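# Fold and geometry: a report
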Amino acid sequence: MTMKNDWFEELNNKVCVITGGAGVLGTAMAASLASAGLRIALLDLDGEAAEREAKKIGPSHNATVIGIHANVLSKKSLEQAKKTVNETLGHVDFLINGAGGNAPGATTKVEQIRPDTGEDLVNGFFGLEEEGFRKVFDLNFMGTLLPTLVFGQEMVEHKKGVILNISSMNAFKPLTKIPAYSSAKASINNFTQWLAVHFGKTGVRVNAIAPGFFLTDQNRFLLTDQETGALTPRGEKIIASTPVGRFGDPEDLQGTVLFLLSDLSCFVNGVVLPVDGGYSAYGGV
Ligand code: NAD
């Protein structure tokens with residue numbers, strides 16, 4: 001392949017589905033893909049937010065962007081959304097599995113159990129709610145599996161496509177307090193590799209990005225004080241552990257996402273690429 005200047009030209013007019021598309025990272029990825037000429041469907045549990053964001057991103061990038069209600073935990077809901085995407089935009093070339101997140105019910109109150117301090121055990125592991133754990137695990141893992149089942153098949157039939165999963169720093173080394181999210185994201189890495197091998201001869205590539213720390217609604221309550229907005233001790237630790245010394249800006253993902261969707265990465269398959277300001281490279285000393 002000879003290098004060209006119009007690197008992303010082949011992406012023009014291609015169709016990309018983004019689940020969790022109304023979220024902070026989903027809308028940022030959609031904006032960069034729209035500027036590269038892709039046609040985009042934002043699928044989100046919050047259908048109104050998906051439509052609202054589509055109406056903002058489309059016109060400002062002179063692109064076709066639609067918002068559709070879909071629940072990534074319901075195959076039926078995803079199949080309905082697929083029908084709308086196919087009727088409106090045609091066949092799907094790319095799927096970004098962006099729906100995911102953590103929740104307070106699956107978060108321990110303390111980082112470590114310290115029996116010596118008389119700390120109540122329910123503040124740690126033993127206080128985790130089964131339902132809360134299941135919800136977070138399912139949203140991140142099943143919420144990637146089901147859209148891949150629904151949207152992957154036509155890519156295989158077209159012998160071309162890219163599936164891009166969203167992992168996390170937690171997948172490499174779990175962060176304290178959030179075991180459901182960590183184990184689900186670790187399973188995303190494993191699933192990304194498994195599927196990349198399984199689809200290896202189909203023309204469909206499967207990769208993941210592992211964003212570092214981006215301040216969004218799902219983690220704001222852990223990283224900043226709700227009243228003052230100041231960094232919590234956990235937020236301070238993260239900044240201290242991120243060699244570039246800041247949280248990520250959602251726009252920081254755009255080059256990596258364009259690269260992994262385009263043919264520039266045609267021999268990149270089954271990787272989990274950190275976009276983390278060096279967090280995963282830093283040993284802390
Ligand atoms: P966000 O909360 O802003 O967006 C998530 C979106 O998913 C929301 O719009 C929400 O309505 C939607 N959603 C929730 N449940 C859904 C369901 N059942 N079906 C369909 N949509 C549903 O979060 P974000 O920060 O943009 O995160 C996007 C992805 O990136 C997630 O997988 C998250 O785990 C991952 N991630 C985020 C960070 C970060 O620092 N923000 C870091 C690493 C990984």
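That block above? That's the structure.
Conventions and cut-offs
Residues numbered from 1 in each chain as written. Predicted model: local features only at pLDDT ≥ 70, side-chain atom pairs only at ≥ 80, totals over all residues. Heavy atoms only, no water. Near = heavy atom within 4 Å. Polar contact = N/O pair within 3.5 Å; in protein donor to acceptor, adjacent residues only side chain to side chain. Areas by Shrake-Rupley, 256 points an atom, 1.4 Å probe, with all protein chains shown as cover. Helix = DSSP H or I, 4+ residues; strand = E, 2+ residues; numbered from the N terminus. Nonpolar A, V, L, I, M, F, W, Y, C, P; charged D, E, K, R; others polar. Buried < 20%, exposed > 50% of the residue type's maximum accessible area, 1.4 Å probe, protein only. Arc of directions from axis to C-beta. Contact = heavy atoms within 4.5 Å. Core = buried A, V, L, I, M, F, W, Y, C linked by side-chain atoms within 4.5 Å. Salt bridge = Lys/Arg side-chain N within 4 Å of Asp/Glu carboxyl O.

So, about the site of the ligand. Around the ligand, the structure places 28 residues, and the nearest of them are Leu25, Asp44, Asn71, Tyr181 and Phe214. In this structure, Leu25 approaches the ligand through a main-chain N or O atom, which is 2.8 Å from an oxygen atom. Out of a free accessible area of 830 Å², the ligand has 88% covered by protein chains. Of all the secondary structure elements, the ones that give two or more residues to the shell around the ligand are α1 (24–35), α4 (130–140) and α6 (179–198). Looking at the shell around the ligand, its residues break down into 13 nonpolar, 13 polar and two charged.

Listed as buried for helix α8 (residues 233–241) are Arg234, Gly235 and Ile238. Buried residues of α8, seen end-on, are gathered within an arc of 100° and therefore sit on one face of the element. Facing away from the buried side of α8 by more than 90 degrees, the exposed set consists of Pro233 and Ala240. In this structure, the buried side of α8 is in contact with α7 (220–223).

Moving on, we come to the nonpolar core. Formed by 31 residues in total, the largest nonpolar core has its most connected members in Leu33, Ile40, Leu42, Ile96, Val257 and Leu261. Of all elements in the fold, only β1 (15–19), α1, β2 (39–44), α2 (47–60), β4 (94–97), β5 (161–166) and α9 (254–261) reach the threshold of two or more residues within this core. By size, the runner-up hydrophobic cluster in this structure holds 28 residues, among which are Ala70, Val72, Leu78 and Val206.

Once that is clear, we can look at the pattern of salt bridges. According to the stated counting rule, one finds nine salt bridges in the structure shown. With its nearest N and O atoms 2.7 Å apart, the salt bridge here joins Arg134 to Glu130. A residue pair is termed a helical-turn pair when its members lie 3 or 4 positions apart in one helix, as Arg134 and Glu130 do in helix α4 at four residues. Because the salt bridges share partners, they merge into one network encompassing Glu111, Arg234 and Lys237.

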